[in-house]
Amino acid sequence: MKLIFLGPPGAGKGTLAVKAVEILNVPQISTGSIFRSAIAAQSPLGLKVKAIIDAGKLVDDETTIELVKERLTQDDVKNGFILDGFPRTIPQAQALETFSTIDKVINFDIPDSGVLERLGGRRVCRMCGFNFHAIFNKPSKEDVCDHCGGEVYIRDDDKPEAVQKRLEVYREQTAPLIDFYREKGLLLDIDASPMVDEIAVSFKKALGL
Ligand code: ADP
Ligand code: ZN
């Protein structure tokens, strides 16, 4: 199954993706995680995108499209994939149509208040990328990942100034994808406000699993 996870920053796409990967047995492809790994490795890609991402802006379409196009040539996506964080603009969606088909687009529906609450408390493992929350889902040992022992930290783009910018960018550039995919009959809306276990149930129901 080839899926796109669409929704504002902090909607819980990455958190559900961890469960969806187990349910569907397909890999998650998170452009944000790929960029963050590149930044950590100080690769040419990482050096190019660091300032853009920290400011809450979007990496340019050309770079992002090339990255995903290349990723989708790898062997592990033969049975499908979950695209988490791509496409984020209409040109990205149009480009995607030239190199892959998509079965369904999961639209994570959540009000801005929910987004601010989640991003404000988000803590991320530097090593495996697992998402924690300072109030709702704390690591059992402070600042240490329960899954891999990595350091749990606050992403630079989760700082308040960048969060406002990301919401603005979402509304202007990404939200138009909702109608784009609805018109193609691919959109499945799920209520992203509850806790992740409940969202996983709606997710399975929406896909008829
Ligand atoms: P979130 O968890 O808030 O949805 P991501 O981890 O998906 O954020 O992405 C973090 C940042 O990486 C984005 O704010 C953006 O700067 C960059 N990025 C990720 N995916 C894309 C994309 N498809 N196009 C452009 N920039 C992207
Ligand atoms: Zn970890």
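Let me sum up the structure you'll find in this document. Worth saying up front: this structure is predicted, and the values here are computed from it rather than measured.

Next up on the list: the overall build of the chain. For the chain, the helix and strand inventory stands at nine helices and eight strands. Buried positions account for 45% of the 209 residues belonging to the chain. In the chain, of all internal contacts separated by at least 6 residues, the share reaching a separation of at least 24 is 69%. About 10800 Å² of surface is accessible on the chain, with carbon and sulfur atoms providing 51% of the total. Positive and negative side-chain charges in the chain, numbering 27 and 31 respectively, have mean positions lying 2 Å apart.

A separate point is the sheet that holds strand 6 (residues 131–133). The strands making up a sheet associate through hydrogen bonds between their backbones, and the pairing can be parallel or antiparallel. Strands sit in the order 6-5-7 across an open sheet of three strands; the sheet is antiparallel. Since the sheet does not close on itself, it has two edges, and those belong to strand 6 and strand 7 (152–153), each with one partner. With two bridges joining them, strand 5 (residues 122–125) and strand 7 adopt antiparallel strand pairing. Bridge assignment links cysteine 125 to a residue of strand 7, and that residue is valine 152. Against the sheet, helix 6 (residues 112–121) touches strand 5 and strand 6, its axis set at about 45 degrees to strand 5.

Now for the coordination of the zinc ion (ligand 2). Looking at the zinc ion (ligand 2), one finds its protein donor set to be Cys125 (SG), Cys128 (SG), Cys145 (SG) and Cys148 (SG), positioned 2.3 Å from the metal centre. Taken together, the four donor atoms surrounding the zinc ion (ligand 2) define angles of 98 to 117 degrees at the centre, an arrangement classified as tetrahedral. Considered as a linear motif, the donors of the zinc ion (ligand 2) on their single chain read C-x2-C-x16-C-x2-C. One end of the pair, cysteine 125, is in strand 5; the other, cysteine 145, is in the loop between strand 6 and strand 7, and 20 residues separate them in sequence. A residue is classified by how much of its surface remains accessible, and cysteine 125, at 2% relative accessible area, is buried.

Another point: the environment of serine 140. Looking at the secondary structure, you find serine 140 in the loop between strand 6 and strand 7. A polar atom in the side chain of serine 140 sits 2.8 Å from the side chain of aspartate 146.

Before going further, it helps to spend a moment on the nonpolar core. Counting 23 residues, the largest nonpolar core has Leu3, Phe5, Leu16, Ile82, Ile106, Phe108 and Phe203 as the members making the most contacts within it. Contributions of two or more residues to this core are made by strand 1 (2–6), helix 1 (13–24), strand 4 (104–109), helix 6, helix 7 (160–174), strand 8 (187–191) and helix 9 (196–206). It is helix 1 that contributes the most residues to this core, four residues altogether. For leucine 3, the contacting residues outside a window of four places in its chain are Leu24, Phe81, Ile82, Leu83, Lys104, Phe203 and Leu207. Counting 22 residues, the second-largest nonpolar core is a separate cluster that includes Leu6, Val77, Phe81 and Tyr181.

Rules of the game
Residues numbered from 1 in each chain as written. Chains lettered and ligands numbered in written order. Predicted model: local features only at pLDDT ≥ 70, side-chain atom pairs only at ≥ 80, totals over all residues. Heavy atoms only, no water. Helix = DSSP H or I, 4+ residues; strand = E, 2+ residues; numbered from the N terminus. Buried < 20%, exposed > 50% of the residue type's maximum accessible area, 1.4 Å probe, protein only. Contact = heavy atoms within 4.5 Å. Areas by Shrake-Rupley, 256 points an atom, 1.4 Å probe, with all protein chains shown as cover. Lys, Arg positive; Asp, Glu negative; His and termini not counted. Charge placed at Lys NZ, Arg CZ, Asp CG, Glu CD. Pairing = 2+ DSSP bridges. Axes fitted to C-alpha atoms, helices over the stretch in contact; angles between N-to-C directions. Donors = N, O, S within 2.8 Å, 3.2 Å for Na, K, Ca; no water. Tetrahedral: all angles 85-135°; square planar, octahedral: opposite > 155°, others 65-115°. Polar contact = N/O pair within 3.5 Å; in protein donor to acceptor, adjacent residues only side chain to side chain. Core = buried A, V, L, I, M, F, W, Y, C linked by side-chain atoms within 4.5 Å.

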